[in-house]
Structure formats: C-alpha cells, structure tokens
Amino acid sequence: NWGTWRLVPERMLQTIEAVTPPLAVLPGLSWSYLEARVNTAADISKASSAATGHSEGLGLKGIAKRSDDYVIVFEGYVEVPTAGEWSFSASADDASRVFVSELPIMDSIGTATRETSGVPLRLGKGLHPIRVEFVQWGGDASLELLWTGPGQERQPIPATAYRRKP
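Described below are features of the structure shown in this document. (Residues numbered from 1 in each chain as written. Predicted model: local features only at pLDDT ≥ 70, side-chain atom pairs only at ≥ 80, totals over all residues. Heavy atoms only, no water.)

Enumeration according to the criterion identifies four aromatic pairs in this entry. Taking 6.4 Å as the distance between ring centres and 55° as the angle between the ring planes, the aromatic pair formed by Tyr 70 and Phe 134 counts as tilted. Here Tyr 70, found in strand β5 (residues 70-80), pairs with Phe 134, found in strand β11 (residues 126-136); they are 64 residues apart in sequence, far enough to count as distant. Tyr 70 sits in the buried class, given a relative accessible area of 5%. Judged by relative accessible area, Phe 134 falls into the buried class, the value being 0%. Pairing Trp 86 with Trp 147 gives two aromatic rings, centres 4.8 Å apart and planes at 45°, and the pair type is tilted. Linking Trp 86 in strand β6 (residues 84-93) with Trp 147 in strand β12 (residues 142-149), this pair joins segments that are 61 residues apart in sequence. Since its relative accessible area comes to 0%, Trp 86 is described here as buried. (Phe/Tyr/Trp six-rings, centres within 6.5 Å; stacked < 30°, edge-to-face > 60°. Helix = DSSP H or I, 4+ residues; strand = E, 2+ residues; numbered from the N terminus. Buried < 20%, exposed > 50% of the residue type's maximum accessible area, 1.4 Å probe, protein only.)

Before going further, it helps to examine the nonpolar core. Of all hydrophobic cores here, the largest spans 33 residues; its most connected members are Phe 74, Phe 88 and Leu 145. In terms of residues, this core owes the most to one element, β5, which gives five residues. Setting aside its immediate chain neighbours within four residues, Leu 145 contacts Leu 58, Ser 89, Ala 90, Val 98, Met 106, Ile 130, Val 132, Gln 155, Pro 156, Ile 157 and Tyr 162. If you look at the next biggest cluster of nonpolar residues, it comprises 10 residues, including Leu 34, Ile 44, Ala 95 and Val 135. (Core = buried A, V, L, I, M, F, W, Y, C linked by side-chain atoms within 4.5 Å. Contact = heavy atoms within 4.5 Å.)

Right, let's talk about the side chain of Arg 164 for a bit. Inspection of the secondary structure assignment puts Arg 164 in strand β14 (residues 162-164). Salt bridges are absent for the buried Arg 164, whose nearest opposite-charge side chain, Glu 56, sits at 10 Å. Side-chain polar atoms of Arg 164 contact the side chain of His 54, separated by 3.4 Å. With residues near it in sequence (within four places) discarded, Arg 164 still touches Ala 24, Val 25, Leu 26, Pro 27, Gly 28, Leu 29, Ser 30, His 54 and Gly 76. (Lys, Arg positive; Asp, Glu negative; His and termini not counted. Salt bridge = Lys/Arg side-chain N within 4 Å of Asp/Glu carboxyl O. Polar contact = N/O pair within 3.5 Å; in protein donor to acceptor, adjacent residues only side chain to side chain.)

Take the pattern of salt bridges next. Enumeration according to the criterion identifies five salt bridges in this entry. Among the ionic pairs, Asp 69 bridges to Arg 37, the shortest N-O distance being 2.9 Å. Of the two residues, Asp 69 sits in the loop between β4 (49-55) and β5 while Arg 37 sits in the loop between β3 (29-35) and α1 (41-46), which places them 32 residues apart along the sequence. The network of salt bridges with common partners includes Glu 75, Arg 97, Arg 131 and Glu 133.

Within β5, nine of the 11 residues are buried, which leaves it mostly tucked inside the rest of the structure. In this structure, β3 lies alongside β5, joined through six bridges in antiparallel fashion. Within the sheet, the bridge partner assigned to Tyr 33 lies in β5 and is Ile 72. Sheet topology places β5 next to β11; 11 bridges connect them, and they run antiparallel. Across the sheet, the residue bridging to Val 71 is Val 135, located in β11. As paired strands, β5 and β14 are joined by two bridges and run antiparallel to one another. Bridged to Tyr 77 within β14 is Arg 163. (Pairing = 2+ DSSP bridges.)

What follows deals with the environment of Asp 93. Structurally, Asp 93 can be placed in strand β6. For the pair formed by Asp 93 and Ala 141, sequence separation is 48 residues and the distance between their alpha carbons is 5.3 Å.

The values reported here are purely geometric and, on their own, carry no functional implication.
In structure tokens, the structure reads:
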C-alpha cells in the first residue's frame, strides 16, 4: 500500500514569499454572498453576487439571506507569523474550497467529506492572499479553517490573522 498520491503544481513545493498589498490593509476579510445551487466548483463562477461586505473572520452569521443553496466567498490575506511549512485544514457543513497564494489547496465540493486537509505549503513570513469558498446546500451551516505551522499546534486561524483591502 503506497497511500494516497496527490499531484501538485511545482510552485507548491517551493517557498512562497509573502506579498506586499497594493494599499494599506484593514483587519478582517471581504465577502460576497451568492444565491445559487452549486454542485461543482465551476458553478460558483457562474453565480452572481447578491450582497457584499466585510467580516472579522470566517463567521457566517448574518450574511445569508436564506437557509439553503448559497455560497459565501471570503477574500483577503492571511498573515503567516513565521516562515516555514504550514498545513491547512477545513471543516465545512456542507462544502468548501480554499486557495492560499492563489494555489488550490483544498476542495470538498461534490464530495461527502466535511473535513479536508490541504497540501503543506512552505510560506514566507507575512501576508498571503487567501480565498475561501463556502457552499451551503441545506441544514446546518458551519465553517472553520485551521492551520499548523512551525512551533504551532493545529488550531483555528484567529480572526486577528486576516486582513483585507479597504
């Protein structure tokens, strides 16, 4: 048994340096709320935004205007406190996709998996673009993004680590 194999872009194997945002950044993330039935990741790009706003972190409360069939897309930056190898995992009811420095590191859309782990990334200290797509089909709605890094146990990413453009 050789385990699970995953093909990854070569860029994911190299150190990804932090970015300098074009403008000053503010605490939190920007979000877009989309009303659509999403069965595949491609469906997200076809949906139009019903509302936009800002939040401290990945909180879902107060964003959705209905209980089923919607997507919330969070965008901004995550501040990596120490250079080194970082691993991310997500827990979402119902599904999610996560991109760090524009690299797709997790995707549970179209699967029955609520918790997913991404490919470890070598990240430089500082700000890295992040995009989290949360998909809600029905029932409970929850989303949590966790990380593990140099000298840091697996834990939820604190809201204080998120930044957004003004």
